[in-house]
Amino acid sequence: MAQTDKYYVPAQSVWPIVGAIGLFLIGYGAATWISSDNAQASWIFFAGCVVIIFMLFGWFGNVITESMSGLYSAQMDRSFRQGMSWFIFSEIMFFLAFFGALFYARMIAIPWLGGAGNNVMTHEVLWPTFQAHWPLISTPGGTSTTAMPWTGLPLINTVILLISSITLHWAHVSLEKGQRGPLTIGLGFTVLLGIIFLGLQVQEYIHAYQDMGLTLSSGVYGNTFFLLTGFHGLHVTLGTIILFVLFCRILKGHFTPAQHFGFQAGSWYWHFVDVVWLCLFVFVYIL
Amino acid sequence: MPVNLTQGVTDISQQVYDLHMTIFYICCVIGILVFAVMFWAIIHHRKDKGAKAAQFHENTKVEILWTAIPFVILIAMAIPATKTLIAMEDPSDADITIQVTGSQWKWHYKYFGQDVEFYSLLATRQDQINNERNKRDNYLLEVDYPLVLPVGKKVRFLVTSEDVIHSWWVPAFAVKKDANPGFINEAWTRINEPGIYRGQCAELCGKDHGFMPIVVIAKPEQEFNTWLASQQQKIAEEKAAEQALLSMNMTMDEMMTLGEKVYLKSCAACHQANGEGLAGVFPALKGNKIATEDVLKHIDVVVHGAPGTAMQAFAKQLKLKELSAVITYERNAWGNDTGDLVQPAQVKAVMDQKDL
Amino acid sequence: MTEHGPHHDHKPSGFMARWVLTTNHKDIGSLYLLFSFAMFLTGGAMAMVIRAELFQPGLQLIEPNFFNQMTTVHGLIMVFGAVMPAFVGLANWMLPVMIGAPDMALPRMNNWSFWILPFAFTMMLMSLFMEGGGPNFGWTFYAPLSTKYSPDSTAVFVFAVHLMGISSIMGAINVIVTIVNLRAPGMTMMKLPLFVWTWLITAFLLIAVMPVLAGAVTMVLTDKYFGTSFFDAAGGGDPVMFQHIFWFFGHPEVYIMILPSFGIISAIVPAFSRKPLFGYASMVYATASIAGLSFLVWAHHMFTTGMPVAAELFFMYCTMLISVPTGVKVFNWVATMWRGSLTFEVPMLFAIAFIVLFTIGGFSGLMLAITPVDFQYHDTYFVVAHFHYVLVSGAIFSIMAASYYWLPKWTGVMFDEGLAKLHFWCSLISVNVLFFPMHFLGLAGMPRRIPDYALQFANVNAIVSIGGFAFGLSQLIFLVVVIKCMRGKGEKAPDKPWEGAEGLEWEMPSPAPYHTHLTPPEIK
Ligand code: HEA
Ligand code: HEA
Ligand code: CUA
Ligand SMILES: [Cu+2]
């Protein structure tokens, strides 16, 4: 039950409005950049990114100072935890939209194009030569490509992420036991594994584009492949940055066994990204 | 204007109408009961009449009751609805099959196995729409070539689209089916009475969504068959004329006059009558490279369309003569004075290079 | 005790400090409410353009392409700019007060959620002036109209929607955390005012579906600009898949726009009946069931897309089921009024109008749910009539009711009762002249989203347009009432201006102090 013996309400802050302006610049910049190929507009986008980074430093700086000076109660810690959990839930729903697209294409659209269900005439009249199969290596429109096997890089990447989850957990346990050494090493390893994962993913993309003819525009197989792995990759990037920041904070001696919400949030995020990868590995690569 | 749903001219549309009325009456009865109780309270239980508030605030029995009763009513509604729906979604054993294809902003009808197909466009003239002339009776609900169907036969429609989603809707048949590009949806009807039935596209499909009506003429079987035969003959003759054309050369004047006509009918909706297009949506043709440089490229775009854009392939929609005329027109109107004269044979050559 | 950064119990001075940098839930609530009202006027002005064009057959004032932009942006602005922010504003103002919390759980993020919105809508409105015009594919932006065939400004639209989504998600997270974690001791879940309960469930819906909308716009973006083919059969996609994704968001979205209304009506009806709300527990369960069912009915917007019969039946049955919990709510309100001691101040007038008109809108919804008949109704003005009944005389009326109910608490003065009553009666009459005949237009066969129509529809359209202008003008009365209150003109409001009202908000002075519940109140 809620207990309100001490609740800190922050005073006015400049960061929210800075953040809003940053997001606006990012959105508007990206939009004009994409729709007009106007290189000028890319500057708006990058300016937005800079503003957001500036905002994040400022905002988290405030939070960290407040936290270190003991202004936060257990109740506020709960607020942060719950907020973070719901944020992760929203991320799950975002990925669900793309997984939904994947399942729909595989289980409904492509069979229908091949004449299944009440779509016999679709196949007969519109796409008589099309054969339904997954992965969709040749589309109804006639684009062909090759499927990414799950062995090789993807498998290695899976192992890397799984290990990174373990090292992160180890770091977490050490933090709770107050063992700073293993904490630092565990977290350092996790960051390293994240970077390796990203490097390998870039390799995989280059391989796909250069050797396999698998691109973003090679039909719905390529679409779902790149958007799912791409958004996952963006999340790994973000996760790695978060963990790196935590690493720096740990070097500065932040966090105590009792109070380490920041660390916890980062680790939740990392585990979430891991679970998304497992789903990806199963549904995008293997099945 | 009628104020209720049409009863239509098919068994199905009659069933749909009955279902509509049943649900409507049920809703009315529930509504009247609920509002009667409420207004009773409003009139009698008011403070200025000295009403003292009771303090009850729950009653499990009543609450269960008014959860259960609506549930039962819903089941009563669901049974006839299910029956009608299943009947509507069964296009099997049809007597004739017609492929209905929507595109921006016209319908195309193709009688399966009959060698008859044609486009059907809005016939209302622009000056009526612009209020420069009095509007006629079937304003916006008239087309140049109506779809003709036999009475008493099960007609199956294969509905699809070439560009965006349209929806083929004739209220009198209670048929509304989305035309999805790349997929074929099936619907069917069996018309009971001869007559002219009008409908409209019922899915937002861009600028002229409001201007793509549907007209169906239902004829007794005999008359329908005569009509079909006459169409087959007409289409065969047109094909022959097309052949003859290949060896003919047309003059610039002839081309420009016909070209303008075709342009206004088929191209002006997007590129505008003055050839200036709509900035950011439809490109201008005036001064456009395609219309002033390589002729073959120009023919190719008109004939095959530009994939990934709103530019349709006109090979099927226009006759050879019309194609060459309109291309000539585009290359010479609005100060595009290239002087190029595009002949039917040239167009045909481009057409045949890429298989259609 | 609550601690504050630099100690201040008075309002900060200076515009920037007070409004732009604020972390105060009441100020942020006011910002949301004012913003939403501005958007209501903007979206309403677009509706007036639509009604003016449709006043007579023929193209009168605007081009078809611009007409489509007006319909689209009208829908988007009303949904995302007027109704949703108004509810968030009410939540900001009232939730902490109602549950005995000192503020929202994450005050700085709260301010961020708000300030994203003006930028997002500026972006969207700006696109109207870009080359090629703004979004013209309906607020539902069905592919491929919104991908291959859309104007250049589509990218701007996509990112504007992303911004709105980010704002809504953060707002919703804040609401949930506040309710779950910041209740005063003794404020158990089953003691929460229903407005709090309905918002808790609404916030859950928001977090669940706004990311899905983000996914949908992202796929539109990549289909248009990066060569993907999610919605293109040639690449193995399907345009109907877009609709599935959109409506998986879209249907819960319409309940997002009505559940808080249910909460508001459940506060007002007991207050002016001087009688406790009938069936509190069943109200909570009904709200939860509506929210749960809302995830299972999305394809009732897609009956004509050619789904297999089994799917059509499933979605029809689930949709019909929603009438049951909604009915429970209506019956409970009526039972609350039954044998009460009723008075009819302006909030109550709006609440009663809500109950009647929302029920009418619900009935037409039920008719739409019947698949075979929906084939006839779909994409006609019958649908337009349905959703304006639930949205305008539903959601908007409840927001008006809430504003009148809490204005004295917000501003410390009573509103001008005469003007308010005038506003009510003008609105009530004109809203029905505006939307009721639309049912007939739809049944007679007038499709929606058309700038010009057949001659038979002319008379009824003229009546509808007149109703529309009258309803629009009536809202200016509301503007006057609100401005008068904001400038402090009017009788001083007592702590509890409504005799039968209950709740923590009435146990504090009017206007509510800048900071409330610094020490948690005692809950009886
Ligand atoms: C606040 C918003 C809101 C609300 C609450 C609702 C509520 C409902 N809506 Fe509506 N709807 C919209 C907003 C809303 N809708 C919008 C915006 C669209 C169009 C989107 C677009 O295409 O642009 C739409 C479209 C729409 C369609 C698609 C129509 C079409 O395009 O063809 C359907 C179809 O089933 C539907 C059904 C329902 C139903 C069954 C309810 C139910 O929840 C209603 C339940 C209420 C009652 C039934 C009344 C009270 C009950 C009783 C008194 C109990 C007893 C009653 C019985 C047992 C009969 N709605
Ligand atoms: C909560 C949501 C909401 C609200 C409040 C409204 C409010 C109104 N809406 Fe609509 N509407 C939608 C949501 C909403 N709408 C949606 C989602 C669509 C579908 C879009 C689509 O198809 O994609 C739609 C579509 C829609 C259409 C159909 C368009 C078409 O299919 O072509 C029409 C037509 O009449 C219409 C009219 C109105 C009117 C007259 C009002 C009035 O209630 C507005 C009243 C308010 C004002 C007028 C503002 C106040 C006054 C002034 C600014 C002063 C100026 C006044 C005068 C000059 C008189 N709306
Ligand atoms: Cu075609 Cu609307
Ligand atoms: Cu719905």
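Residues numbered from 1 in each chain as written. Chains lettered and ligands numbered in written order. Predicted model: local features only at pLDDT ≥ 70, side-chain atom pairs only at ≥ 80, totals over all residues. Heavy atoms only, no water.

1. Some points on the packing of helix 3 (residues 64–99) of chain C against helix 7 (residues 239–256) of chain C
In helix packing, the relevant descriptors are the interaxial angle and the interaxial distance, both defined with respect to the helix axes.
Residue and element names in this part refer to chain C.
Link 1 in the chain: Put simply, helix 3 and helix 7 touch, their axes get as near as 11 Å, and they point 50° apart. The pairing of helix 3 with helix 7 is recorded here as oblique in orientation. Packed against helix 3, whose contacting residues are V79, F80, M84 and F87, the element helix 7 presents F249, E253 and I256 at the interface.
Link 2 in the chain: Classifying every residue of the contact of helix 3 with helix 7 gives 6 nonpolar, no polar and 1 charged. (Axes fitted to C-alpha atoms, helices over the stretch in contact; angles between N-to-C directions. Helix = DSSP H or I, 4+ residues; strand = E, 2+ residues; numbered from the N terminus. Parallel < 35°, antiparallel > 145°, perpendicular 65-115°, else oblique. Contact = heavy atoms within 4.5 Å. Nonpolar A, V, L, I, M, F, W, Y, C, P; charged D, E, K, R; others polar.)

2. Re the coordination of the iron atom of ligand 1
All names here are of chain C.
Link 1 in the chain: A lone protein donor contacts the iron atom of ligand 1, and this donor is H386 (NE2), found at 2.1 Å.
Link 2 in the chain: Separating the iron atom of ligand 1 from the copper ion (ligand 4) is a distance of 4.6 Å.
Link 3 in the chain: Considering the arrangement of structural elements, one finds H386 in helix 14 (residues 381–411). (Donors = N, O, S within 2.8 Å, 3.2 Å for Na, K, Ca; no water.)

3. Structural notes on the interface of chain C and chain B
Link 1 in the chain: Opposite the 95 residues of chain C that make contact, chain B presents 92 residues.
Link 2 in the chain: Counting across the interface, chain C meets chain B through 1 salt bridge.
Link 3 in the chain: K47 of chain B is paired through a salt bridge with E499 of chain C; the nearest N and O atoms lie 2.9 Å apart.
Link 4 in the chain: On inspection of chain C and its partner chain B, the count reaches 23 residue pairs in polar contact (both at pLDDT 80 or more).
Link 5 in the chain: With 9 residues, helix 11 (residues 323–337) of chain C is the single largest residue contributor to the side of chain C that touches chain B.
Link 6 in the chain: Class assignment of the residues belonging to the side of chain C that touches chain B gives a composition of 55 nonpolar, 27 polar and 13 charged. (Salt bridge = Lys/Arg side-chain N within 4 Å of Asp/Glu carboxyl O. Polar contact = N/O pair within 3.5 Å; in protein donor to acceptor, adjacent residues only side chain to side chain.)

4. Observations concerning helix 2 (residues 25–53) of chain C
Residues and elements named next belong to chain C.
Link 1 in the chain: End to end, helix 2 covers 42 Å across 29 residues, agreeing with the expected 42 Å (1.5 Å per residue, within 8%).
Link 2 in the chain: In terms of burial, helix 2 is largely enclosed, as 21 of its 29 residues are buried.
Link 3 in the chain: The backbone nitrogen of K26 lies 2.7 Å from a side-chain oxygen of the residue at the head of helix 2, namely N24. (Expected span 1.5 Å × (residues − 1). Buried < 20%, exposed > 50% of the residue type's maximum accessible area, 1.4 Å probe, protein only.)

5. Digging into the site of ligand 1
Link 1 in the chain: The environment of ligand 1 is made up of 32 residues, and the closest members are Y255, D374, H378, H386 and R448 of chain C.
Link 2 in the chain: Chains contributing residues near ligand 1 are chains B and C.
Link 3 in the chain: In the model, an oxygen atom of ligand 1 is placed 3.3 Å from a nitrogen or oxygen of the A369 of chain C main chain.
Link 4 in the chain: Secondary-structure elements contributing two or more residues to the shell around ligand 1 are helix 7, helix 11, helix 12 (346–369) and helix 14 of chain C.
Link 5 in the chain: The leading source of residues in the shell around ligand 1 is helix 12 of chain C, at 8 residues. (Near = heavy atom within 4 Å.)

6. What to know about the coordination of the copper ion (ligand 4)
Residue and element names in this part refer to chain C.
Link 1 in the chain: Protein coordination at the copper ion (ligand 4) comes from H251 (ND1), H300 (NE2) and H301 (NE2), with a distance range of 1.8 to 2.1 Å.
Link 2 in the chain: Residue class for H251 comes out buried when judged on its relative accessible area of 3%.
Link 3 in the chain: Owing to a relative accessible area of 22%, H301 belongs among the partly exposed residues under this scheme.

7. Some points on unusual backbone geometry
Across residues other than glycine, the phi torsion is negative in most instances, and most of the peptide bonds are trans.
Link 1 in the chain: For the peptide bond that leads from A143 of chain C to P144 of chain C, omega is 0°, which places it in the cis range.
Link 2 in the chain: As for its position among the elements, P144 of chain C is in the loop between helix 4 (107–127) and helix 5 (154–181).
Link 3 in the chain: Its identity is not glycine, yet W334 of chain B carries a phi of approximately 45°, on the positive side.
Link 4 in the chain: The backbone phi angle of R449 of chain C is positive, close to 60°, even though this residue is not glycine.
Link 5 in the chain: With respect to the element layout, R449 of chain C can be found in the loop between helix 15 (417–444) and helix 16 (458–486).
Link 6 in the chain: R449 of chain C sits in the buried class, given a relative accessible area of 8%.

8. A look at empty space enclosed by the protein
All names here are of chain C.
Link 1 in the chain: As enumerated under the stated definition, the model contains 6 cavities of 30 Å³ or more in all.
Link 2 in the chain: Counted as a void, the largest cavity has a volume near 100 Å³.
Link 3 in the chain: Lining the largest cavity are Y32, F80, M84, P85, V88, L117, M164, S167, S168, G171 and L206.
Link 4 in the chain: Going through the elements one at a time, helix 3 and helix 5 are the ones with two or more residues in the lining of the largest cavity.
Link 5 in the chain: For the lining of the largest cavity, a count of residues per class yields 8 nonpolar, 3 polar and no charged. (1 Å grid on protein atoms, 1.4 Å probe; cavity = no way out; pocket = protein on both sides within 12 Å on 5 of 7 lines; lining within 4 Å. Points joined across faces, edges and corners; volume = space filled by probe spheres on them.)

9. Here we look at the environment of R249 of chain A
Residues and elements named next belong to chain A.
Link 1 in the chain: Looking at the secondary structure, you find R249 in helix 7 (residues 219–251).
Link 2 in the chain: For R249, a relative accessible area of 14% translates into the label buried.
Link 3 in the chain: Between the C-alpha atoms of R249 and F263, which are 14 residues apart in sequence, the distance is 9.5 Å.
Link 4 in the chain: Residues within four places of R249 in sequence aside, it is in contact with I64, H254 and F255.

10. A look at the UniProt feature "transmembrane region" (unreviewed entry) in chain A
Residue and element names in this part refer to chain A.
Link 1 in the chain: According to UniProt, the "transmembrane region" (unreviewed entry) feature falls on residues 7–31, 43–65, 86–105, 150–171, 183–200, 220–247 and 268–286.
Link 2 in the chain: Across residues 43–65, the secondary structure splits into 100% helix and 0% strand, with the terminal C-alpha atoms separated by 33 Å.
Link 3 in the chain: Counted over residues 86–105, helix gives 100% and strand 0%. Its end C-alpha atoms are 29 Å apart. (UniProt positions renumbered as here; feature names shortened; annotations may be inferred.)

11. What about a positive patch on the surface?
Link 1 in the chain: A contiguous patch of positive charge on the surface is contributed by K234, K261, K265, K319 and K321 of chain B.
Link 2 in the chain: Within the element layout of this structure, K261 of chain B appears in helix 5 (residues 252–271). (Patch = residues over 30% accessible without salt bridge, like charges linked within 9 Å, V, L, I, M, F, W, Y side chains within 5 Å. Areas by Shrake-Rupley, 256 points an atom, 1.4 Å probe, with all protein chains shown as cover. Lys, Arg positive; Asp, Glu negative; His and termini not counted. Charge placed at Lys NZ, Arg CZ, Asp CG, Glu CD.)

12. Quick look at the site of ligand 2
Residue and element names in this part refer to chain C.
Link 1 in the chain: Neighbouring ligand 2 are 32 residues; R51, H74, W139, H388 and R449 lie closest to it.
Link 2 in the chain: At 2.7 Å, a side-chain N or O of R51 approaches an oxygen atom of ligand 2.
Link 3 in the chain: Take H388: an N or O atom from its side chain is 2.8 Å from a nitrogen atom of ligand 2.
Link 4 in the chain: At 7 residues, helix 2 tops the list of elements feeding residues into the shell around ligand 2.
Link 5 in the chain: Taken together, the residues of the shell around ligand 2 break down into 22 nonpolar, 7 polar and 3 charged.

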